[in-house]
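# Descriptive structure summary
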Amino acid sequence: ITGTDFENGKIQFDRSYHISDERYNQAPEIQLKVGDLLVTKDGTVGKMAYVDMLPGKASLNSHLLLIRPLENKFDNRFLFWLMSSSVFNGYTEYAQDGTVMASLSQEKIGNFIAYFPEITEQQAIADFLDKECAQIDSIAADLEKQIALLQQYKKALITETVSKGLDKSVPVKDSGIEWIGEIPAHWDVLRVKDISSLQTGTTPPGNEGVNFDNNGIQWFTPSDFLDGSIKLGVAEKSIDLDTVNREKIKFYPTNSVLFVGIASIGKVGFCSQPCYSNQQITGIKPKNDKMGKYIAYSLLAGMDSIKDNALYTTVPIVNNTYLGNIKICLPPLKEQESIVKHLDCATNSVDEIICKKREQLSTIQQHKKSLIYEYVTGKKRVKEAQ
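Overview of the structure. Keep in mind that what you see is a predicted model, and the values were worked out from it rather than measured.

## Quick notes on the environment of Gly-233
Among the structural elements, Gly-233 can be located in the loop between strand 11 (217–220) and strand 12 (237–239). Taking relative accessible area as the criterion, Gly-233 reaches 47% and is therefore assigned partly exposed. Setting aside anything within four residues of it in sequence, one finds Gly-233 in contact with Gln-218 and Phe-220.

Below you can see the structure in the form of structure tokens.
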């Protein structure tokens, strides 16, 4: 068992690795039993799983810590909820070591101090939280499913519109692009480099001039993008104008498209004002500035195909040669503007619903955190234990 097998506090045995009986028998102290509590102590510190069943023999890798009660003085299910609370999370943030990878030693986990009620009350609290949190998790899972379906609908809407147009009655022709198929007969198929120029961003020497006050040219990094959207908010950092002038930085003009081509490929953004970026991002500068948003929607629609054909070394890469050769189905300019207007309205409506669903999800997740904290710290007590 490894920490990657943990999901919602349970072990997903169907995706775990396997070892030989000989290797299993070499370490009897980490042979799993029902009722064991497992904690990750390296990487994603503090991720837990309670062993409520075993389909067969199981052992642990070295990044996990196994916890068992001494002298039946505590219930591991209660400890699971205690260590799921903000009390333990705060402790791990304070006590963990490591720069490249977070680590929390067995000794430090063992030194975590907490208050325990009598064993019968521990069991009552665990029973209560098992039931209440299962209901909350069910509601949260339903909201997550709704969000995923809305995102799928939004992507399908964009893809359909930039490949088929708004008038489905017009004559069609083969686009020559496998994932698109037929397009309106009066549309062109052109490469990105045929309708724009490409410019890769940079980081000023020594990160000089990059700051958080946003008094300058916005400097975007992949973390500033939204997945599944062409909207760009305010960049976290900006480059001051002195640095822009000194380093002779040619920023991207208004109506450019930003494309993340290294590591976090799949993110596309539309610039509503002049900006710049780090070297993971390429600025696509349309020859006609009215085409920018349509290009952004088209790239977003074709992202699955783009990812499938990306170069893979240490990380996935879409270099400027590949990006420039990506084909886009291009209607006349007036039709592009109609399509963009339609997609702006339709996607905004979907985004508003998604935003509300995410707010609901955040609220119920916060409720779960508060519930756990209140009961494992004695702020509230279950009726059975009073």
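So much for the structure itself; the text now carries on.
## Quick word on the pairing of strand 13 (residues 257–260)
Of the two faces of strand 13, the one holding Val-257 and Phe-259 and the one holding Leu-258 and Val-260 are both buried throughout. In this sheet, strand 14 (residues 268–270) lies alongside strand 13 in antiparallel orientation, the contact comprising three bridges. Looking at the pairing, Phe-259 lines up with Val-268 of strand 14.

## Quick notes on the layout of surface pockets
Of the volumes computed, that of the largest pocket is approximately 950 Å³. Taken together, 29 residues line the largest pocket, and the ones lying closest to its centre are Asn-8, Gly-9, Ser-84, Asp-137 and Lys-368. Elements with a contribution of two residues or more to the lining of the largest pocket: strand 1 (6–7), strand 4 (48–50), helix 2 (76–83), helix 3 (86–95), helix 5 (119–164) and helix 11 (333–376). Of the residues belonging to the lining of the largest pocket, the class tally is 12 nonpolar, eight polar and nine charged. If you go around the second largest pocket, you meet 23 residues; those closest to its centre are Gln-151, Lys-154, Asp-227, Gly-228 and Ser-229. Those elements giving two or more residues to the lining of the second largest pocket turn out to be helix 5, helix 8 (292–301), helix 9 (303–308) and helix 11. Considering every element that reaches the lining of the second largest pocket, the biggest residue donor is helix 5, with five residues. Residue composition of the lining of the second largest pocket, by class: eight nonpolar, six polar and nine charged.

So, how was this worked out
- Residues numbered from 1 in each chain as written.
- Predicted model: local features only at pLDDT ≥ 70, side-chain atom pairs only at ≥ 80, totals over all residues.
- Heavy atoms only, no water.
- Helix = DSSP H or I, 4+ residues; strand = E, 2+ residues; numbered from the N terminus.
- Buried < 20%, exposed > 50% of the residue type's maximum accessible area, 1.4 Å probe, protein only.
- Contact = heavy atoms within 4.5 Å.
- Pairing = 2+ DSSP bridges.
- 1 Å grid on protein atoms, 1.4 Å probe; cavity = no way out; pocket = protein on both sides within 12 Å on 5 of 7 lines; lining within 4 Å.
- Points joined across faces, edges and corners; volume = space filled by probe spheres on them.
- Nonpolar A, V, L, I, M, F, W, Y, C, P; charged D, E, K, R; others polar.

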